[in-house]
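Residue-level structural notes
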Amino acid sequence: MTTSSEQRVVVVGAGMAGVQTAVSLREQGWGGTITLIGAERHAPYDRPPLSKGVLFGTEEGPALDVDFAGIGVELLLGRHATALSVGEREVLTDGGPVAYDKLVLASGAEPVMLPGSEGTPGVHVLRTLDDATALRPVLEGRNRVVVVGAGWIGAEFATAARHAGCEVTVVEAADRPLAGVLPAHIAERMRGWYAEEGVELRTGAVVSSVEPGAVRLADGSVLAAEAVVIGIGARPATGWLAGSGVELGPDRSVLADDRLRTSVPEVYAVGDCASFPSARYGERLLIHHWDNAVQGPRTAAANILGGDEPYDPVPYFWSEQFGRFVQYAGHHVDSDHMLLRGDPDGTAWSVLWLRDGQLVALFAVGRPRDLAQARKLIARGARLDETLAADPAVQLRAAVV
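Positions within a chain are numbered from 1, following the residues in the order the chain's sequence is written. It should be noted that, the model being predicted, local features are given only for residues of pLDDT at least 70 and side-chain atom pairs only at 80 or more, the latter also being counted only at that level, while totals for whole chains, interfaces and linings use all residues. Where side-chain values are given, they derive from all heavy atoms of the structure, hydrogens and water being excluded.

Points about the packing of aromatic side chains
Stacked, edge-to-face and tilted labels apply to pairs of Phe, Tyr and Trp rings (six-membered ring for Trp) whose centres lie within 6.5 Å, assigned for plane angles under 30 degrees, over 60, and everything in between, in that order. Per the stated rule, a full pass over the model turns up nine aromatic pairs. A centroid spacing of 5.8 Å and a plane angle of 80° characterise the contact between Trp290 and Trp318, whose relative ring orientation is edge-to-face. Of the two residues, Trp290 sits in helix α6 (residues 290-304) while Trp318 sits in strand β22 (residues 316-321), which places them 28 residues apart along the sequence. Since its relative accessible area comes to 26%, Trp318 is described here as partly exposed. Pairing Tyr316 with Trp318 gives two aromatic rings, centres 6.1 Å apart and planes at 25°, and the pair type is stacked. Partly exposed describes any residue whose relative accessible area lies between the buried limit of under 20% and the exposed limit of over 50%, with all areas from a 1.4 Å probe on protein chains only and scaled to the type maximum. By relative accessible area, Tyr316 is classed as buried at 12%. Among the aromatic residues, those joined into a ring-pair cluster are Trp152, Phe317, Tyr328, Trp349, Trp353 and Phe363. To qualify as a helix, a DSSP run of H or I must reach at least 4 residues; to qualify as a strand, a run of E must reach at least 2; elements of each kind are numbered from the N terminus.

Concerning the packing of helix α1 (residues 16-27) against α6
Between two packed helices, both the angle of their axes relative to each other and the distance between the axes serve to describe the pair. Fitted lines through C-alpha atoms serve as axes, helices being fitted only where they are in contact, and the angles separating the N-to-C directions of these axes extend from 0 to 180 degrees. Remark: α1 packs on α6, axes separated minimally by 8 Å, with the N-to-C direction vectors making an angle of 35°. In terms of crossing hand, the pair formed by α1 and α6 is right-handed. Contacts between α1 and α6 involve Met16, Ala17, Gln20, Thr21, Ser24 and Leu25 on the former and, on the latter, Trp290, Ala293, Val294, Pro297, Arg298, Ala301 and Ile304. Here the contact of α1 with α6 is composed, by residue class, of nine nonpolar, three polar and one charged. Handedness of each helix crossing follows the sense of rotation of the near helix against the far helix: counterclockwise by less than a right angle gives left-handed, clockwise gives right-handed. Working rule for contacts: check all heavy atoms of both residues, and any pair within 4.5 Å makes them a contact. Polar here means any residue other than Ala, Val, Leu, Ile, Met, Phe, Trp, Tyr, Cys and Pro, which are nonpolar, and Asp, Glu, Lys and Arg, which are charged; Gly is therefore polar.

Note that all results are geometric; they support no functional claim without further evidence.
Listed below in structure tokens is the structure:
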């Protein structure tokens, strides 16, 4: 019988989720071998700086401060996973098969592209270090840029491009920015952020095609563009799992359980490629944010080592755009009761969502204290007095009933 010290954990994906899985396994006492497979040739790095320092050339590469050799983690970089053979317990790669005893899927997500846009000169996405490096000349040349998508990444890149002196137009198919995140009357207030920064925002603008030097809209108008940046979302990078027996959802995410186990024995899933059932929110969540890529691996590692820990975090993310620090904690649906906390035309305000009086989510602009307190209150299922909670002069923890 193979002992745990002789067993091999293989992690597919060398992004934050994959790296944190390897680190957590060692921290929690895994004595066997660990192999980390990464599709990129770069040493593992952090992604948030890509839309900031790397774009401007002030950071060459946000490498993670991990001594992989020192903690006994084998790196196989520049290796693409192509298939999974569950029967043989092998990950098939373009550099040959890699055997495993326990496997962690951390293959992340890939950007959604507009039909026909792949390979078009001047068309970019911002997902990897190479993507950010390729966009540097766009900023340095103060090019005329069209950004497709007024979500988080679109707003962050538009901010960076304007800071560099580019002429920027953002086109969004929905009728407002952040349409899938905020209700209309709140998101509409954010339209002014674009105008303040000198960015033209066109909503209700459906792209019909992208060609070298131009973006054509469905209404017949043509936008000149020396560069086009597509930021319309990402989907789990799980195509390589086809036919493996690992169950995927309609959104292509790996369907992990609340222990981050997949439908296949000894195979776990973490980060952007995996969804999990949340007892807190009563639905399955797919979270494409940094905090999830840090927290999930700790739970997966504990369970690989024989634990029985559920994973049910309070989701969290942040964004810096148009001179504002924006944060969100929790998860809400349209039927949740919304409370406005402060003036959304001002520089600091928050939005709360309550479900049967219980705080389930908060969106904060320039109010980090609200966010910090909300995360703790959501985690413990706190109920709030609506009158007190809506008063921005009252600390949220003082509104608990």
